[in-house]
Amino acid sequence: IVWAMEAELKALEDKIAQLVQLCARLRTENTHLRQQLANAQNEGKHLTEKINGARGRLEALLDQIPEDEA
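Residues numbered from 1 in each chain as written. Predicted model: local features only at pLDDT ≥ 70, side-chain atom pairs only at ≥ 80, totals over all residues. Heavy atoms only, no water.

1. Overview of the overall build of the chain
So, step 1. Helix and strand content of the chain: one helix and zero strands.
So, step 2. At 30 Å, the chain has a C-alpha radius of gyration far larger than the 11 Å of a compact globule built from 70 residues.
So, step 3. On the principal axes, the C-alpha backbone points of the chain span a range of 105 × 20 × 5 Å.
So, step 4. The burial tally for the chain puts 0% of its 70 residues in the buried class.
So, step 5. Working note: accessible area of the chain is about 6,900 Å², and carbon and sulfur atoms make up 60% of it.
So, step 6. In the chain, the 9 positive side-chain charges and the 12 negative ones have mean positions that sit 10 Å from each other. (Helix = DSSP H or I, 4+ residues; strand = E, 2+ residues; numbered from the N terminus. Rg over C-alpha atoms; globule rule 2.2 N^0.38 Å. Buried < 20%, exposed > 50% of the residue type's maximum accessible area, 1.4 Å probe, protein only. Areas by Shrake-Rupley, 256 points an atom, 1.4 Å probe, with all protein chains shown as cover. Lys, Arg positive; Asp, Glu negative; His and termini not counted. Charge placed at Lys NZ, Arg CZ, Asp CG, Glu CD.)

Laid out in structure tokens, this is it:
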């Protein structure tokens, strides 16, 4: 009976160790994903600013085109 109990405790210990490793790996992955998300958000913001700047320049150019007097 004692050896069976020890075997169960060892199996439980192994499962807990696996869980701890999984948590550490997921924490690292989560940190990496958060950094990727922040980078993507910053890039999106930068691209939006570039689009708005290009829109402004295009509108300014369109305003310089004379109206058709036909």
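From this point, the discussion proceeds with the structure in view.
2. Structural notes on a nonpolar patch on the surface
So, step 1. A contiguous nonpolar patch, built from Met-5, Leu-9, Leu-12, Ile-16 and Val-20 and spanning about 500 Å² of accessible area, is present on the exposed surface.
So, step 2. Summarising the element assignment, Val-20 is placed in helix α1 (residues 2–64).
So, step 3. Of the residues examined, Val-20 reaches a relative accessible area of 52% and is grouped as exposed. (Patch = residues over 30% accessible without salt bridge, like charges linked within 9 Å, V, L, I, M, F, W, Y side chains within 5 Å. Salt bridge = Lys/Arg side-chain N within 4 Å of Asp/Glu carboxyl O.)

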